[in-house]
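# Analysis of the macromolecular model
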Amino acid sequence: MPKQDCKYWDKCYQRNEAHLEKYNHPSKGTETLKMAPKRKSSTDNKQGDEKTVTEMEPEKDVGNYETETAELHKEAMNNIAGKNYMEILEKRIRLSVQQEYDNLCESNEFIRHKFLVEMPADFYSFWQFINGLKKDTTKAAALLHIENLFQLQLVGPFEFLAGKFHKAKIGEPGDYLRHWRFYYDPPEFQTVFVRKNTGIHYGYWRDVPQDKDRLLLARNDATQNCEFQFIAGNIFDAFVYYLEHDFAGTPFNAAQVTATKKAVKQYLSDNPLPNLDTLTKERNKRVMAKSFHRAGIVVPYERKSQQGYRPLPVSDAELKKILALFERKDLGIDSDNAKQAVLEKLQPLANAANIAVDECDFGTALELGLDLFSSGHKELHMLISSLLVPAYSLLSRPQFIAIAKAHMEQRRKELNLSIFDVLK
């Protein structure tokens, strides 16, 4: 009896004698058609007709089909899981992010999106003013002109308007929130002026992130202490304050300085803006506690029910005395012993603040959290977060939570805090 051809041809893996005796294994090139008889219909069977099948059909090439399937499977797996696919996917994601970033740079929405605040009207008026100080000197050139003439850097949102962010490398969200945020800057403060190569900086103060009208401007020297001083009710007056108190002119630029101050005062005469005294009096009515940074905290307070704030169990002087344990030489400065001693003293205060929060006196936790932040001790950052997060959350100020967390993640005492140096 002639042997049949194995359906796997010469690719068959079986080597046992019984299989080899039963099947031939010719190479694929010598393929012959194997004929199969066509089945008789039931009608033919009933009639008893015996017919010889004359139609022949080739058997399906199973081996070739399986080989092609394996190759297709391998190619498909390479496409969805291979290195090239991941590189393409990552490239597409980068392009998508870049496109979104470029679109954001086309409007002032960039400021709200990256810095989590909106700028007041006087900010944009001042931008137009400085672009007209020198002929044909606008945007980035205008910033450079102010810096060279007055040793004053206009930073943050000014740099966006000047186009410095448009072609910059894209950073993480926290990088933008830390941009020119000095060591003692609380979330309520946003830097816009920096005296070059110093810790002296000026900025807008917002008690609520959404505030964009009638904002006070404050000043701090990060190399000295955590205290902030309100110096102006609009950015034009803040600029004049800088020229009169923090700028050291020379005989060579005296004429330009005088002309600039005159131009500012003329602008204020033609376009009246809120002044320091008026805004300070308005705000002082809403201040619940002075706090370590001396700017005070503002929270909603219901005087009839006395709900919204209650004083801390200790005075500022007593709290500073507790924090002074960090400096005790017998405990070891910056040691675990000093940290433990301070935390043991602070825990009852934190518990009292948390109880106050439970009873809707959110300002108490805010005051203690900001006081500990202003002390400058990084060892307390975890405790500070446990106070500020619930306080800001219940006060509906989530933007300040993001700013505080980003700042404490990389809190530095350096003077150059520009995002552009971080992203190099």
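Placed above this text is the structure.
This text gives an overview of the structure that appears in the document. Numbering of residues begins from 1 in every chain and follows the order in which that chain's sequence is written. At least 70 in pLDDT is required for a residue's local features to be given in this predicted model, at least 80 for side-chain atom pairs to be given and counted, and no such filter applies to totals for whole chains, interfaces and linings, which use all residues. Side-chain numbers here rest on the full set of heavy atoms in the structure, without hydrogens or water.

## Examining the pattern of salt bridges
In what follows, salt bridge is the name for a side-chain nitrogen of Lys or Arg lying within 4 Å of a carboxyl oxygen of Asp or Glu. What the rule picks out here adds up to 14 salt bridges. Taking the shortest distance from any N to any O, the salt bridge between Glu 159 and Lys 164 comes out at 3.5 Å. Partly exposed describes any residue whose relative accessible area lies between the buried limit of under 20% and the exposed limit of over 50%, with all areas from a 1.4 Å probe on protein chains only and scaled to the type maximum. Since its relative accessible area comes to 4%, Glu 159 is described here as buried. Its salt-bridge partner being Asp 361, residue Arg 310 comes within 2.6 Å of it at the nearest N-O pair. Placement of the pair is Arg 310 in the loop between β9 (297-298) and α13 (316-323) and Asp 361 in the loop between α14 (336-358) and α15 (362-375), with a sequence separation of 51 residues. The class of Arg 310 is partly exposed, set by a relative accessible area of 26%. Residue Asp 361 is classed as buried on the basis of its relative accessible area of 5%. Each member of the salt-bridge network shares a partner with another, and the members are Asp 175, Arg 178 and Glu 409. Runs of E in the DSSP output that reach at least two residues are strands. Runs of H or I that reach at least four are helices, and both are numbered from the N terminus.

## What about the packing of helix α6 (residues 121-131) against helix α10 (residues 235-245)?
Relative orientation of the contacting elements α6 and α10 amounts to 60 degrees, with a least axis distance of 9 Å. With respect to their mutual orientation, α6 and α10 come out oblique. Of α10, the residues touching α6 (which contributes Asp 122, Phe 123, Ser 125, Phe 126 and Phe 129) are Ile 235, Phe 236 and Phe 239. Of the residues assigned to the contact of α6 with α10, the class counts are 6 nonpolar, 1 polar and 1 charged. Angles here are taken between N-to-C directions and fall from 0 to 180 degrees, while the axes themselves are lines fitted to C-alpha atoms, restricted in helices to the stretch in contact. Orientation is classified from the angle alone, with under 35 degrees giving roughly parallel, over 145 giving roughly antiparallel, 65 to 115 giving roughly perpendicular, and any other angle giving oblique. Two residues qualify as a contact provided that any one of their heavy atoms is within 4.5 Å of a heavy atom in the partner residue. Side-chain classes follow a simple rule in which Ala, Val, Leu, Ile, Met, Phe, Trp, Tyr, Cys and Pro form the nonpolar group, Asp, Glu, Lys and Arg form the charged group, and the remainder, Gly included, forms the polar group.

## Some words on empty space enclosed by the protein
Grid spacing is 1 Å over the protein atoms alone, the probe is 1.4 Å, and a cavity is where that probe fits but cannot get out, while a pocket is an open set with protein on both sides within 12 Å along at least five of seven lines and lining residues have an atom within 4 Å of a point. Grid points are joined across faces, edges and corners, and a volume is the space filled by probe spheres set on the points. One pass over the full model with this rule turns up 4 cavities of 30 Å³ or more. By volume, the largest cavity amounts to about 180 Å³. Lining the largest cavity are 18 residues; nearest its centre among them are Phe 115, Leu 177, Arg 181, Phe 189 and Gln 190. Those elements giving two or more residues to the lining of the largest cavity turn out to be α9 (173-177), β4 (189-195) and α17 (398-409). Taken together, the residues that form the lining of the largest cavity break down as 10 nonpolar, 4 polar and 4 charged. Of the pockets and cavities examined, the second largest cavity occupies roughly 70 Å³. Around the second largest cavity sit Asp 175, Arg 178, His 179, Gln 410, Arg 412, Leu 417, Ser 418, Ile 419 and Val 422, which together line it. Along the lines of polarity and charge, the residues of the lining of the second largest cavity split into 3 nonpolar, 3 polar and 3 charged.

## Some thoughts on unusual backbone geometry
You will see that Arg 294, though not glycine, has its phi angle at about 70 degrees, which is positive. Looking at the element boundaries, Arg 294 is found in the loop between β8 (287-289) and β9. If you check the backbone angles, Ser 396 has positive phi at about 60 degrees while not being a glycine. With respect to the element layout, Ser 396 can be found in the loop between α16 (381-394) and α17.

## Quick look at the sheet that holds strand β6 (residues 216-221)
Read from one edge to the other, the open sheet built from 5 strands follows the order β3-β4-β5-β6-β7, with strand pairing classed as antiparallel. Unpaired on one side and paired on the other, β3 (152-154) and β7 (229-232) mark the two borders of the sheet. Taking the axes of each pair of neighbouring strands and ignoring which way they run, one obtains an average angle of 35 degrees across the sheet. Whether two strands pair comes down to DSSP finding at least two bridges between them. Where β6 meets β7, 3 bridges bridge the pair, whose relative direction is antiparallel. Paired with Arg 219 across the two strands is Gln 229, which belongs to β7.

## A few points about the pairing of β4
With respect to burial, β4 is a largely interior element, 7 of its 7 residues being buried. Where β3 and β4 come together, 3 bridges link them in antiparallel fashion. Opposite Gln 153, over in β4, you have Val 194 as the bridge partner. Relative to strand β5 (residues 200-205), β4 runs antiparallel, the two sharing 5 bridges. Across the sheet, residue Val 194 finds its bridge partner in β5, namely His 201. Here β4 folds back onto β5 in antiparallel fashion, the turn holding 4 residues, of which Asn 197 has a positive phi close to 60 degrees.

## A short note on the packing of aromatic side chains
Note on ring pairs: Phe, Tyr and Trp rings are taken, using the six-membered ring of Trp, and paired if centres are within 6.5 Å. Classes follow the plane angle, with under 30 degrees stacked, over 60 edge-to-face and the rest tilted. Tallied over the entire structure, the rule returns 34 aromatic pairs. Stacked on the ring of Tyr 176, the Lys or Arg Lys 114 has its end atom at 4.6 Å from the ring centre. Here, a charge over a ring is recorded when the distance from Lys NZ or Arg CZ to the ring centre is within 6 Å and its angle to the ring normal is within 35 degrees. Across the ring face of Tyr 183, the terminal group of Arg 411 is positioned such that the distance to the ring centre comes to 4.1 Å.

## Details of the nonpolar core
Buried residues of nine kinds, namely Ala, Val, Leu, Ile, Met, Phe, Trp, Tyr and Cys, make up a nonpolar core once their side-chain atoms join them within 4.5 Å. Judged by nonpolar contacts, the single largest core of 50 residues is most densely connected at Phe 126, Phe 150, Leu 154, Phe 158, Phe 165, Phe 193 and Ile 235. By residue number, the principal contributor to this core is α10, which donates 8 residues. Counting 45 residues, the second-largest nonpolar core is a separate cluster that includes Ile 297, Leu 366, Leu 368 and Met 408.

## Regarding the environment of Lys 167
By the element assignment, Lys 167 lies in the loop between α8 (157-161) and α9. Sequence separation of Lys 167 and Asp 102 is 65 residues, and the distance between their C-alpha atoms is 8.5 Å.

Don't take any of this as a statement about function, it's just geometry.
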